[in-house]
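Listed below are the residues making up each chain.
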Amino acid sequence: MTIKIEEAVLDDVEAMQAADAGQMLRAVASSGAQVRQAAIAAEEAGLARLREEGQPRAVVVAGMGGSGISGDVLAAVAGIGCRVPVVTLRDYTLPGWVGPMDLLIGVSCSGSTEETLAVVEEAARRGTRLVTVGAPKSPLAGLSEQARGIHVPVDSGGRLPRANIWALSVPLLVAAHALGLASVPREVLDRTADLLDDIAQRCRPTSEAFVNPAKELALAVAGSVPMLWGSSPLAGVAAYRFACQLNENTKYPAVFGTLPEANHNQIMAFEGALAASSNVDEDLFRDRVGDEIEPRIRLVLLRDTVEHPQVTRRREVSQELAEARGIPVSEVVAEGAHPLERLASLVALTDYASVYAAFVLGVDPSPVASIFELKERIAR
Ligand SMILES: O=P(O)(O)OC[C@H]1O[C@@H](O)[C@@H](O)[C@@H](O)[C@@H]1O
């Protein structure tokens, strides 16, 4: 199998704009503005009120796809030191242990995703404390109102759910700050918004591939089998996000993992059939599988600046092992000091890379026809 790579499109801004019918580039550029607007929306919705009832026993974030990732963002920013478990639920069913002592945050950009609505309904029946984040006047907003929850309305600005990651995640961070579960004061949100703007400037379409880290990563990933590894739990969230963005924006498969766990399983792919210099007998492989063995693995390391010392060694040795087996390695290093800045910096660059990779492979990043077809067919 050979994949057609249209490298030149990245040097031609007009061609990119033509390929970007759904304006995904404009949507990813809005990240900084999303943080600022969501900080205001969260404040206006009265999330500070959460403080009155004290800390919950656990926080459960219910959401799917580009909305569900907000739960992972919250867990990453609250960090390993958080005294309360933060769980992301991507399903129809609320676990049996969730009850009135817990806080359920239902997140849905459209406010009408069936899995999320089912969980919010069940939580309301159990008397769980409720916050919802999503479209105003939506079924989700209605459920929240009935159950006397706090609804944070999200102005999607016409953007798709996955292009609203900060509009959807920031209200959760504001809630966690109010509850004393994470430290995300306004200064941190402002600093993060500035960093996102700065990265958008560096990754902008008019900045050419040789100085544009997102275009460089897109060219590296397109045509390979990307294995995306985060070097901390926080960077693991960015690896998962990058994989999802490659799936939805680039219509492309990706493998994601987090160190140290990926060293206990995924690393074995370095010596398999999709590695450049594998132990596999290529004649035998061709006999059985057919054509030439392409594409090949590329390892993408998403590096956090705060790593367990043993994970630093694991990352370095993983890179050496990969390169010794002819597997190319790309690296993205987190920026900023606060966990939110570090995570946002990784997400911003890789979001751009997924969009550029779509152009390189000749696809429009916005439409997700198969997702819609599936939803339609199960609704009948
Ligand atoms: O964010 P809501 O509207 O709940 O949608 C949840 C998810 O639905 C999926 O089918 C996709 O469209 C995702 O991009 C989206 O994030």
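Since this is a predicted model, take the numbers as computed values, not measurements.

> Could you clarify how one ought to interpret helix 6 (residues 139-146) in this entry?
The periodicity of an α-helix, 3.6 residues per turn, causes residues three or four positions apart to be oriented the same way. Taken as a whole, helix 6 has its buried residues at Leu140, Ala141, Leu143 and Ser144. Relative to the axis of helix 6, the buried residues are bounded by an arc of 160° and lie together on one face. Those residues of helix 6 that are exposed and aimed more than 90 degrees away from the buried face are Glu145 and Gln146. Against strand 3 (103-108), helix 5 (114-125), strand 4 (129-134) and strand 5 (150-153) lie the buried residues of helix 6. Residue arginine 148 follows helix 6 closely and has a positive phi angle near 55°.

> I would appreciate a short explanation of the site of the ligand in the present structure.
All residues in the neighbourhood of the ligand are listed as Met64, Gly65, Gly66, Ser67, Ser108, Cys109, Ser110, Thr113, Pro161, Glu248, Ile371 and Lys375. Interatomic distance of 2.7 Å between a backbone N/O atom of glycine 66 and an oxygen atom of the ligand. Backbone polar atom of cysteine 109 to an oxygen atom of the ligand: 3.1 Å apart, as the coordinates give it. For the ligand, the accessible surface in isolation is 380 Å², of which the surrounding protein chains cover 91%. Taken together, the elements giving at least two residues each to the shell around the ligand come down to helix 4 (65-78) and helix 14 (369-379).

> Teacher, can you tell me more about the domain arrangement of the protein here?
How big an interface is tends to be stated in terms of the accessible area lost upon association of its parts. As far as domains go, the protein holds domain 1 (3-22 + 203-360) and domain 2 (30-192). For domain 1 and domain 2, the distance between their C-alpha centres works out to 29 Å. Summing both sides of the interface, domain 1 and domain 2 together bury roughly 1500 Å²; the carbon and sulfur share of this comes to 67%. Considering only the surface of domain 1 that becomes buried against domain 2, Arg241, His338 and Leu340 emerge as the three largest contributors, covering 36% of it. Across the contact surface, domain 1 and domain 2 share two salt bridges. Across the salt bridge formed by arginine 191 and glutamate 341, the nearest N and O atoms sit 3.2 Å from each other. Applying the counting criterion to the domain 1 and domain 2 interface returns five residue pairs in polar contact (both at pLDDT 80 or more). Of all the elements in the fold, those that place two or more residues in the side of domain 1 that touches domain 2 are helix 10 (233-248) and helix 13 (339-360). The element that contributes the greatest number of residues to the side of domain 1 that touches domain 2 is helix 13, accounting for seven residues. Residues that form the side of domain 1 that touches domain 2 fall into these classes: eight nonpolar, three polar and four charged.

The rules behind the values
Residues numbered from 1 in each chain as written. Predicted model: local features only at pLDDT ≥ 70, side-chain atom pairs only at ≥ 80, totals over all residues. Heavy atoms only, no water. Buried < 20%, exposed > 50% of the residue type's maximum accessible area, 1.4 Å probe, protein only. Helix = DSSP H or I, 4+ residues; strand = E, 2+ residues; numbered from the N terminus. Arc of directions from axis to C-beta. Contact = heavy atoms within 4.5 Å. Near = heavy atom within 4 Å. Polar contact = N/O pair within 3.5 Å; in protein donor to acceptor, adjacent residues only side chain to side chain. Areas by Shrake-Rupley, 256 points an atom, 1.4 Å probe, with all protein chains shown as cover. Domains from an automatic or database assignment. Buried area = accessible area lost by both parts, 1.4 Å probe. Salt bridge = Lys/Arg side-chain N within 4 Å of Asp/Glu carboxyl O. Nonpolar A, V, L, I, M, F, W, Y, C, P; charged D, E, K, R; others polar.

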